[in-house]
Amino acid sequence: MLYAPTTAADKRVAMRAGLSSGRLQLFPGAFNPLSAKLIQEKGMDGVYISGAVLSADLGLPDIGLTTLTEVAGRSQQIARMTDLPSLVDADTGFGEPMNVARTIQTLEDAGVAGMHLEDQVNPKRCGHLDGKQVVDLDTALKRIKAAVEARRDPNFLIMARTDARGVDGLQAAVDRAKALVDAGADAIFPEAMASLEEFEAVRAAVDVPILANMTEFGKSELFTTQQLADVGLNLVIFPVSLLRLAMGAAERGLDTITREGSLTSMLPEMQTRARLYEVLDYEAYNSFDSGVFNFSLDRHFGVS
C-alpha cells in the first residue's frame, strides 16, 4: 500500500548483487509510476527511467531541455512505487563538475539505485541520432570523478555512458570506456553499438558491468536477451518500449473514435478496471479505511 517498503539503501545493494550475479538483468523503462508497479509484478529485475521518455512525457524533444528538478522529481515518483532498483538517465549531469556533484546527491535523495552520466556536449541529443558530439576526454573524466566524490552511499551506482562509437568509431569508445573505469565508474554504457562483436570488444576491455540499450528504431540491432547474455553483458534496458506501446495504442484508440464513434470494438485490448485496481492493490487500502474498498468488482468494473 502507498509506497514500496524496501528502502533505497536496500535497493542499491540489490542492484549491485544483480549485476554481479552472472545473470543478465532486465530493466524495462517505466514511463510513469504505475508502469513501474507493472514492471515489478511481471518479474523484471529493475526499472529504467529514461531521459528521452521524461522529455517526451513533457511534450519536449530529447535535447537536454529537462532540468535536474524535473528529473529528480519524476525519478522519486517512480522509484518509490516499486521494490525494484531504479536506474536513471542523468544526461550530462546538468552542468559543470560541481553541478554533477549536486545531481548525484539530489538523485540519491530521490531514492534511485543508480544513474548514468554521458560524455556528450550540451545541448545533447538522443544517442541514436546523427550529429552528436562528445566532450574531450578530460572533461568526461572530470564528470565521473565529481560524481564519485559526491556520492554519500557507496552502493549508489555511477555508470558512465560513452557516445564515442557514433562519433569517432569503436576503438575510441573502447579507449574511453577504459579511461572512465579508471576514473571510478562502476559500470559502462556503450551507446549505439552496431553488432554483438562490438559489445564483445567493450566486454574484453573492462572488468565492470556493461549495459546494452535495446531501443527500437535506433542504430543497434534488437538482440535477444540470450544473445546479450552470451557475450557477457550484465544489464539490458528497453528504455522507450512501454511508452511506444502505450502511445501506439492511444493513437489507434483515437482513430477508432473518429472512425466508429465509440471504443466498443477496442474493449478487448484495454486493461480492465478490475485489472487496474489489482495493479494498484486497491484492496490493501481497506486495512486503513473500510470505506475505501467496500465494493465487489462485478461485470460493471470489467472483470472479464
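Remember, it's a predicted structure, so these values are computed and weren't measured experimentally.

Calculation rules
- Residues numbered from 1 in each chain as written.
- Predicted model: local features only at pLDDT ≥ 70, side-chain atom pairs only at ≥ 80, totals over all residues.
- Heavy atoms only, no water.
- Helix = DSSP H or I, 4+ residues; strand = E, 2+ residues; numbered from the N terminus.
- Buried < 20%, exposed > 50% of the residue type's maximum accessible area, 1.4 Å probe, protein only.
- Lys, Arg positive; Asp, Glu negative; His and termini not counted.
- Salt bridge = Lys/Arg side-chain N within 4 Å of Asp/Glu carboxyl O.
- Polar contact = N/O pair within 3.5 Å; in protein donor to acceptor, adjacent residues only side chain to side chain.
- Contact = heavy atoms within 4.5 Å.
- Pairing = 2+ DSSP bridges.
- Axes fitted to C-alpha atoms, helices over the stretch in contact; angles between N-to-C directions.
- Core = buried A, V, L, I, M, F, W, Y, C linked by side-chain atoms within 4.5 Å.
- 1 Å grid on protein atoms, 1.4 Å probe; cavity = no way out; pocket = protein on both sides within 12 Å on 5 of 7 lines; lining within 4 Å.
- Points joined across faces, edges and corners; volume = space filled by probe spheres on them.
- Nonpolar A, V, L, I, M, F, W, Y, C, P; charged D, E, K, R; others polar.
- Phe/Tyr/Trp six-rings, centres within 6.5 Å; stacked < 30°, edge-to-face > 60°.
- Lys NZ or Arg CZ within 6 Å of the ring centre and 35° of its normal.

What follows deals with the side chain of Lys-11. Residue position: Lys-11 is located in helix α1 (residues 8-19). Comment: no salt bridge for buried Lys-11; closest opposite-charge side chain is Asp-83, at 6.0 Å. Engagement of the side chain of Lys-11 in a polar contact is seen with the backbone oxygen of Thr-82, the distance being 2.8 Å. Other than its neighbours up to four places away in sequence, Lys-11 contacts Thr-6, Ala-79, Arg-80, Thr-82, Asp-83, Leu-84, Pro-85 and Ala-113.

Overall, parallel pairing links the five strands, which are arranged β2-β3-β4-β5-β6 in an open sheet. The open sheet is flanked by β2 (47-49) and β6 (187-190), the only strands paired with a single partner. Within the sheet, the average angular offset between the axes of one strand and its neighbour, ignoring direction, is 25 degrees. Taken together, the four bridges between strand β5 (residues 157-162) and β6 define a ladder with parallel strand orientation. Within β6, the position partnered with Arg-161 by the bridge is Phe-189. Set on the sheet, helix α8 (residues 170-182) makes contact with β5 and β6; between it and β5 the angle comes to about 160 degrees.

Core analysis: the biggest nonpolar cluster contains 53 residues, and Met-115, Phe-199 and Leu-228 have the highest contact counts within it. Ranked by residues supplied to this core, first place goes to helix α6 (residues 137-150) with six residues. If we skip the residues at most four places from it in the chain, Leu-228 touches Leu-24, Leu-196, Phe-199, Ala-212, Met-214, Phe-223, Leu-233 and Val-236. Residues Met-15, Tyr-48, Leu-87 and Ala-187 belong to the second largest nonpolar core, which totals 13 residues.

Mapping Glu-191 onto the fold places it in the loop between β6 and α9 (196-205). Separated by 3.2 Å, the side chains of Glu-191 and Asn-213 make a polar contact.

Time to look at the layout of surface pockets. The computed volume of the largest pocket comes to approximately 630 Å³. Lining of the largest pocket is provided by 18 residues; of these, Phe-31, Ala-246, Ala-249, Glu-269 and Gln-271 occupy positions nearest its centre. Contributions of two or more residues to the lining of the largest pocket are made by α2 (33-41), α11 (241-260) and α12 (273-280). For the lining of the largest pocket, the element with the most residues is α11, which contributes six residues. Per-class residue counts for the lining of the largest pocket are 13 nonpolar, four polar and one charged.

With that settled, the discussion passes to the pattern of salt bridges. This structure, assessed with the given rule, holds 17 salt bridges. Residue Arg-16 is joined to Asp-186 by a salt bridge in which the shortest nitrogen-to-oxygen separation is 3.1 Å. Of the two residues, Arg-16 is situated in helix α1 and Asp-186 in the loop between α8 and β6; the sequence distance between them amounts to 170 residues. Note on Asp-186: relative accessible area 15%, which makes it buried. Notably, a salt bridge pairs Arg-165 with Glu-198, separated by 2.8 Å at the nearest N-O pair. Here the residue Arg-165 occupies a position in helix α7 (residues 165-168), and Glu-198 occupies one in helix α9, the gap between them amounting to 33 residues. By relative accessible area, which is 22% here, Arg-165 ends up partly exposed.

Once that is clear, we can look at the packing of aromatic side chains. Taken as a whole, this structure holds two aromatic pairs when the rule is applied. With 4.3 Å between their ring centres and 45 degrees between their planes, Tyr-277 and Tyr-282 make a pair best called tilted. Looking at Tyr-277, the relative accessible area reads 14%, which means it is buried. On the basis of relative accessible area, Tyr-282 is assigned to the partly exposed category, the value being 25%. Stacked on the ring of Phe-189, the Lys or Arg Arg-161 has its end atom at 5.4 Å from the ring centre.

Any link to function would need more than the numbers given here.
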